[in-house]
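Listed below are the residues making up each chain.
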Amino acid sequence: MTNLPDRADSPKPQEMRASDTDRDQVAHILRDAAGDGRLTLEELDDRLSAVYAAKTYAELAPLTRDLPVPGTVTPAPSFSPATGGADAPSWKTGVAIMAEFQRQGVWTVPEKFTAFAFWGGGKIDLREARFATGEVRIRAFAIMGGIDVIAPDDMTVHVKGIGIMGGFDQRASGPGEPGSPRVVVSGFSFWGGVNVKRKARKEQRKLRKEQRKELD
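Per chain, residue numbering runs from 1 following the sequence as it is written. Restriction of local features to residues with pLDDT of at least 70 applies here, the model being predicted, together with a cutoff of 80 or more for giving and counting side-chain atom pairs; totals for whole chains, interfaces and linings are based on all residues. Excluded from the side-chain calculations are hydrogens and water; all other atoms, namely the structure's heavy atoms, are used.

A. Local environment of the overall build of the protein chain. Secondary structure elements are taken from DSSP: a helix is a run of H or I of four residues or more, a strand is a run of E of two residues or more, and numbering for both begins at the N terminus. Assigned secondary structure in the protein chain consists of four helices and 14 strands. Exposure categories follow from relative accessible area, calculated using a 1.4 Å probe and restricted to protein chains: below 20% of the type maximum is buried, above 50% is exposed, and the middle band is partly exposed. Within the protein chain, the proportion of its 216 residues that are buried is 36%. Sequence separation of at least 24 residues holds for 65% of the intrachain contacts in the protein chain that already meet a minimum separation of 6. We call two residues in contact when some of their heavy atoms are within 4.5 Å.

B. Structural detail: a negative patch on the surface. There is a patch of like negative charges on the surface, built from Glu42, Glu43, Asp45 and Asp46. Locating Glu42 in the fold gives a position in helix α2 (residues 41–53). By relative accessible area, Glu42 is classed as exposed at 60%. Residues qualify for a patch when their relative accessible area is over 30% and they have no salt bridge, like charges being joined within 9 Å and the nonpolar side chains of Val, Leu, Ile, Met, Phe, Trp and Tyr within 5 Å. Accessible surface is estimated by sampling points in the Shrake-Rupley manner with a 1.4 Å probe; for residues, cover comes only from the protein chains shown. The term salt bridge refers to a side-chain nitrogen of Lys or Arg lying within 4 Å of a carboxyl oxygen of Asp or Glu. Under the convention used here, Asp and Glu are negative, Lys and Arg are positive, and both His and the chain ends fall outside the count. Lysine's charge is taken at NZ, arginine's at CZ, aspartate's at CG and glutamate's at CD.

C. Quick look at the packing of aromatic side chains. Ring pairs shown here join Phe, Tyr and Trp side chains whose ring centres sit within 6.5 Å, with only the six-membered ring taken for Trp; geometry is labelled stacked below 30 degrees between planes, edge-to-face above 60, and tilted in between. For the structure shown, the criterion picks out five aromatic pairs. For the ring pair Trp107 and Phe113, a centre distance of 5.8 Å and an interplane angle of 65° mean the geometry is edge-to-face. Accessibility assignment for this pair places Trp107 and Phe113 in one class, buried. Taken together, Trp91, Trp107 and Phe113 form an aromatic cluster joined through their ring pairs. Lying over the aromatic face of Trp91, Arg103 brings its terminal NZ or CZ to 4.5 Å of the ring centre. For a Lys NZ or an Arg CZ to count as sitting over a ring, it must be within 6 Å of the ring centre and within 35 degrees of the ring normal.

D. The arrangement of the layout of surface pockets in detail. Using a 1 Å grid laid over the protein atoms alone, points where a 1.4 Å probe fits but cannot get out form a cavity; open sets with protein on both sides within 12 Å along at least 5 of 7 lines form a pocket; any residue with an atom within 4 Å of a point counts as lining. Grid points are joined across faces, edges and corners, and a volume is the space filled by probe spheres set on the points. A volume near 560 Å³ is recorded for the largest pocket. In terms of lining, the largest pocket is formed by 22 residues, of which the most central are Gly37, Arg38, Leu39, Thr40 and Arg198. Among the secondary structure elements, those contributing two or more residues to the lining of the largest pocket are α2 and β14 (193–199). Of the residues forming the lining of the largest pocket, the biggest block, five residues, is contributed by β14.

E. Main features of a nonpolar patch on the surface. Together, Ile162, Ile164, Met165, Phe188, Phe190 and Trp191 make up an exposed nonpolar region whose accessible area comes to about 600 Å². Tracing the sequence through the fold places Trp191 in the loop between β13 (182–190) and β14.

F. Representation of the pattern of salt bridges within the structure. For the structure on display, the rule yields five salt bridges. A salt bridge links Asp20 to Arg23, with the shortest nitrogen-to-oxygen separation between them at 2.9 Å. On the criterion of helical spacing, the pair formed by Asp20 and Arg23 is a turn pair, its members being three residues apart in helix α1 (residues 20–35). Linking Arg137 and Glu135 is a salt bridge whose minimum nitrogen-to-oxygen distance equals 3.0 Å. A residue is classified by how much of its surface remains accessible, and Glu135, at 29% relative accessible area, is partly exposed. What you see here is one network of salt bridges that share partners, running through Glu135, Arg137 and Arg182.

G. Up close: the pairing of strand β6 (residues 121–125). The pairing criterion for strands is at least two bridges between them, as found by DSSP. Here strand β3 (residues 100–103) pairs with β6 via four bridges, running parallel. Of the residues in β6, the one forming a bridge with Gln102 is Lys123. Across five bridges, the pairing between β6 and strand β9 (residues 146–152) is parallel. Bridge pairing links Lys123 to Asp148 in β9.

H. Structural detail: α2. Across its 13 residues, α2 extends 18 Å between first and last C-alpha, which sits within 8% of the 18 Å expected from 1.5 Å per residue. All of the buried residues in α2 are Leu44, Arg47, Leu48 and Val51. Down the axis, α2 shows its buried residues gathered within 105° of arc, on one side only. Relative to its buried face, α2 has exposed residues pointing more than 90 degrees away, namely Glu42, Asp46 and Ala53. Buried residues along α2 sit in contact with α1 and α3 (57–60). Expected span, for any helix, means 1.5 Å times one less than how many residues it has. The arc in question is traced by the directions running from the helix axis to the C-beta atoms.

I. Spotlight on the sheet that holds strand β12 (residues 167–168). Sheet architecture is open: five strands sit in the order β3-β6-β9-β14-β12, paired in parallel fashion. What marks the edges here is a single partner per strand, and that holds for β3 and β12.

J. Local environment of the environment of Arg182. Mapped onto the elements, Arg182 comes out in strand β13. Arg182 sits in the partly exposed class, given a relative accessible area of 27%. Each C-alpha atom, one on Arg182 and one on Thr133, is 9.1 Å from the other, the two residues being 49 residues apart in sequence. Discounting residues that sit within four places of it in the chain, Arg182 has contacts with Gly134, Glu135, Val136, Arg137, Thr156 and His158.

Purely spatial values, then, with no claim about function.
The following block contains the structure:
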């Protein structure tokens, strides 16, 4: 077969047409991510629709840009026992009456923590926390106020609260990495709200940013 000359207008890699195999590989990554709790079912459906509509690599790349690259090792959860943070402060309660409270940064979470907000707000951030036990129970009560609970996305979370003319967001419930602490959030809100959500740790955000750069 005669060798063809190099084309001066050869497309860039990201402009190359994607094959069915390429689309199937991306779909597999997305399904694994949903199984790990990194994507909701709604997000999975949206991305899979975009996968099978994609025609080039440039259209496929953004769909997995915020997910771990297959074959790479993600950092192990940086959960630290209370003994590893002896100097870290610890509280058993957080109270906000026409005011606010914050429990964040490096602090030791006891086995049971009670939060109460009345015409005020509270923030409980677990992303850098130490844990006294493998299972932590947070009881949150919001009356005409609001309480935010922020858990890292590699932690096991179960939300069991009730909203009465208010909200008690349970969408953050789900499994975490093996060996992670189990956090159970219960209580109720009345004319207020308890918002439980997941956010990545600083080191995880940094890793994902580096992975996105490698894919660009």
